[in-house]
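Reading the structure
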Amino acid sequence: MKRFSFLNQFPDSVIVTDKLGNIVFQNNAFKRRFHNFSDLKKFSHYTNFDICPLNSENIEIYSPIYHALNSKEDFFAYVTFEFSPSNILYFNLMAIKKKKYTVIFLTDVTAENELENYKLQKEKLQQKYNRLEEENQDLQKIRQKAQSQAIRIALINKMSNIIRESMDISKILNSALSELAIMFGAYEVYYASNLDNVLTVKEIYGNKNKKNIQIKFDENTYNQLTSGDISVSHCLIEYIGAKPFKQPVMRIIVPIFHMQKLIGIIVLLSYQKRELNEELEILEAISSQLGNAIIRAELYQNNIKTVNELKNTLKELKETQIQLINSEKMASLGQLIAGVAHEINTPIASIKSNNTILNKFIPRIKDTEIADMLKEINEIDYEAIQRISNIVTSLKKFVRLDEAELQQADINREIDLTLDLIRHETKNRIEIKKHYGNIPLIKCYPNMLNQVFTNILINACQAISGKGKIEITTKYANKKLTVKIKDNGKGIAKDQLSKIFTAGYTTKGAGIGTGLGLAICTKIIERHNGEILVNSELGQGSEFIITICSE
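Here is a short report on the structure shown in this document. Just so it is clear, the model here is predicted, and its values are computed rather than measured.

Along its length, the protein chain carries 13 helices and 19 strands. Within the span of the protein chain, comprising 551 residues, buried residues form 36% of the whole. Taking as baseline every contact in the protein chain between residues at least 6 positions apart, the subset at least 24 positions apart corresponds to 57%. Carbon together with sulfur atoms contributes 51% to the accessible area of the protein chain, which is approximately 34300 Å² in total.

Time to look at the sheet that holds strand E2 (residues 23–26). One key point about sheets: their strands pair by backbone hydrogen bonds, in either a parallel or an antiparallel sense. Spatially, the 6 strands line up as an open sheet ordered E2-E1-E6-E5-E4-E3, and their pairing is antiparallel. Each of the sheet's edge strands pairs with one partner strand only, and the pair in question is E2 and strand E3 (47–49). Here the average twist between neighbouring strands, direction ignored, is 30 degrees. Taken together, the 5 bridges between strand E1 (residues 13–17) and strand E6 (residues 101–108) define a ladder with antiparallel strand orientation. Residue pairing in the sheet places Thr 17 in a bridge with Thr 102 of E6.

Between its first and last C-alpha, helix H11 (residues 446–463) extends 26 Å over 18 residues, near the 26 Å set by a 1.5 Å rise per residue. For H11, a buried count of 15 out of 18 residues is recorded, marking the element as mostly surrounded by other parts of the structure.

What follows covers the nonpolar core. Core analysis: the biggest nonpolar cluster contains 36 residues, and Ile 411, Ile 456, Ile 470, Val 483 and Ile 546 have the highest contact counts within it. Where this core is concerned, the elements lending two or more residues are helix H9 (411–421), strand E15 (442–444), H11, strand E16 (468–477), strand E17 (480–487), helix H13 (517–527), strand E18 (530–537) and strand E19 (541–549). Among the elements that take part in this core, H11 stands out by supplying 8 residues, more than any other.

To continue, consider the packing of aromatic side chains. Across all of its chains, the model carries 14 aromatic pairs by this definition. A ring pair is formed by Phe 4 and Phe 25, whose centres lie 6.2 Å apart and whose planes are at 40 degrees; its orientation type is tilted. With a gap of 21 residues between them, Phe 4 in the segment before E1 and Phe 25 in strand E2 connect regions that are remote in the sequence. Each member of the pair, Phe 4 together with Phe 25, is buried. Among the aromatic side chains, those forming a connected cluster through ring pairs are Phe 30, Phe 34, Phe 43, Tyr 46, Phe 81 and Phe 91. Just above the ring of Tyr 445 sits the side chain of Arg 527; from NZ or CZ to the centre is 4.4 Å.

A few words on a nonpolar patch on the surface. Where nonpolar side chains cluster on the molecular surface, the patch consists of Ile 365, Ile 370, Met 373 and Ile 377 and spans about 320 Å² of accessible area. Tracing the backbone through its elements, the reader meets Ile 370 in helix H8 (residues 368–399). The class for Ile 370 is partly exposed, based on a relative accessible area of 40%.

To continue, consider a negative patch on the surface. Residues Asp 367, Glu 369, Asp 372, Glu 376, Glu 379 and Glu 383 make up a contiguous surface patch of negative charge. For Asp 367, the position within the fold is in the loop between helix H7 (278–361) and H8.

What follows concerns H13. Across the 11 residues of H13, 8 count as buried, placing the element largely inside the fold. Those residues of H13 that sit buried are Gly 517, Leu 518, Ala 519, Ile 520, Cys 521, Thr 522, Ile 524 and Ile 525. Residue Asn 529 follows H13 closely and has a positive phi angle near 55 degrees.

A few words now on the pairing of E1. Residues in a regular strand point their side chains to alternate faces of the sheet. E1 sits mainly inside the fold: 5 of its 5 residues count as buried. Burial along E1 is two-sided: the residues Ser 13, Ile 15 and Thr 17 and Val 14 and Val 16 are all buried. The pairing of E1 with E2 spans 3 bridges and is antiparallel. Note on E2: the bridge partner recorded for Ile 15 is Gln 26. Linking E1 to E2, which pair antiparallel, is a turn of 5 residues; within it Gly 21 sits at a positive phi near 85 degrees.

Moving on, we get to the sheet that holds E16. Strand order in the open sheet made by the 5 strands is E14-E16-E17-E19-E18, with mixed pairing throughout. With partners counted over all chains shown, the strands left at the sheet margins are strand E14 (430–435) and E18, one partner each. Averaged over all neighbouring strand pairs, the angle between strand axes comes to 10 degrees, with direction disregarded. Of the pairings in the sheet, the one linking E14 to E16 comprises 6 bridges and is parallel in character. What sits directly across from Lys 434, in E16, is Ile 472. Relative to E16, H9 is tilted by about 160 degrees, and along the sheet it contacts E14, E16 and E17.

Another point: the pattern of salt bridges. This structure, assessed with the given rule, holds 7 salt bridges. Between Lys 434 and Asp 416 there is a salt bridge, and its shortest N-O distance comes to 2.7 Å. Taken together, the positions of Lys 434 in strand E14 and Asp 416 in helix H9 put the pair 18 residues apart, joining distant regions of the chain. What makes Lys 434 partly exposed here is its relative accessible area of 43%. The partly exposed category is assigned to Asp 416, whose relative accessible area is 25%. It is possible to trace a salt-bridge network through shared partners that takes in Glu 188, Lys 210 and Glu 238.

Next up on the list: the side chain of Thr 110. Considering the arrangement of structural elements, one finds Thr 110 in helix H4 (residues 110–165). When its relative accessible area of 9% is taken as the criterion, Thr 110 is described as buried. At 2.7 Å, the side chain of Thr 110 forms a polar contact with the side chain of Asp 108. Setting aside its immediate chain neighbours within four residues, Thr 110 contacts Ile 88, Leu 89 and Tyr 90.

Reading the values: rules and limits
Residues numbered from 1 in each chain as written. Predicted model: local features only at pLDDT ≥ 70, side-chain atom pairs only at ≥ 80, totals over all residues. Heavy atoms only, no water. Helix = DSSP H or I, 4+ residues; strand = E, 2+ residues; numbered from the N terminus. Buried < 20%, exposed > 50% of the residue type's maximum accessible area, 1.4 Å probe, protein only. Contact = heavy atoms within 4.5 Å. Areas by Shrake-Rupley, 256 points an atom, 1.4 Å probe, with all protein chains shown as cover. Pairing = 2+ DSSP bridges. Axes fitted to C-alpha atoms, helices over the stretch in contact; angles between N-to-C directions. Expected span 1.5 Å × (residues − 1). Core = buried A, V, L, I, M, F, W, Y, C linked by side-chain atoms within 4.5 Å. Phe/Tyr/Trp six-rings, centres within 6.5 Å; stacked < 30°, edge-to-face > 60°. Lys NZ or Arg CZ within 6 Å of the ring centre and 35° of its normal. Patch = residues over 30% accessible without salt bridge, like charges linked within 9 Å, V, L, I, M, F, W, Y side chains within 5 Å. Salt bridge = Lys/Arg side-chain N within 4 Å of Asp/Glu carboxyl O. Lys, Arg positive; Asp, Glu negative; His and termini not counted. Charge placed at Lys NZ, Arg CZ, Asp CG, Glu CD. Polar contact = N/O pair within 3.5 Å; in protein donor to acceptor, adjacent residues only side chain to side chain.

Here it is in structure tokens:
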């Protein structure tokens, strides 16, 4: 209709309907926008708006076009037009009543709507971003706190392990000081003990020249430490009387207590300038651990010292016991030999006198056969008398109770003397092979050395089952006398070799050996500034090696 042609000038889509709802005009904008338009009823099916009608079976009531046509007055609405599920446009619908016509304007607000949606979405995203940023900052704080806590736990655990694994105060403190130096970036860390209110540097990481010096702080700092507080300050002087620093230094002083008693302090020096918060908690925890560790280590060291003193005392008591037993044994043996020698010498003197008298009368006997027989008997008796006299003399020389001083002795002769005394052990059973060297006179206690030779030789005889052999070798070189006594007996097990010189240990069984023989031998050789060693193998025999310094 030409009367409505002016509507072609409008940029908005416009349609005009009559009272019956028939389209009487479409402007150019409408035709361009909705070029597939066929009829109004179908067109209305694509439109929709936010109205929730009450229970109604008329589906057209959901269409804004229906309301626009049936409204008695001008009608306004915000509507959507759905070309497809993915293509939805937004319009402001305005229906104006002009007598028998209804003019419907459709203003496209899709871009404005999308812009508004974008603005809303942007605002939501900004809010979400701000919320995430706050959460991120909170997480960063939590992370930093967790890292700090992890470092604290790791350091405390490390210190705990060091303290648990060692009882050495120096090792514990050195490890603690080095760890603290790394953690706080300190160029110097040291521990000073507190004894009678005097602080003395004991362990240090950094300037070693400061060790064992005494230090003193101002009254306020000292009072702060004695009250249990950690002192943190930036200072130019480390302690009273110290050389001034060229620049301010952060000084941290950590008091170490045990049972409410200040036992020492740890001092950290650093060029860093930062706030200390959670680090102070770490220092307090380490301080508590170190206090317990230092006291425990000191108690342990004191216990070790006491144990060592007790061991030394016990060793001295055992040595004294061995010496007393040996002295008593030799004194008893000397008294016994003296009594036996006296009892033997009396009848021997009588027999010897009779032997001499008989020897004078034999030439006067006229019966030659009887005279020869008596002469032979007399010679045998004489040899027996000499043998008994020699044994008695050897016994007296062996004990030498009157020879307590060092004197010159022929060791080869002393060994022969010992062999004479133990002849009952070797006779017709053990072969003695002597490899004597050219030995000078040795300054020694002969009676004591004879005890050693006797003990070892008798042990060798007892180790040989049936017939066997003992080799004795002597030599002198580099002012040292060496005596080797080797047998081919049953030998000594390896697990017993380290025990045979221990007092009370015996391989002969209960009731047979006392376990004092070789222990006494060891003490005698040590008294001569020498040593006694043994080489042995089961089934192969044993070899005792005695070395004595002749100087």
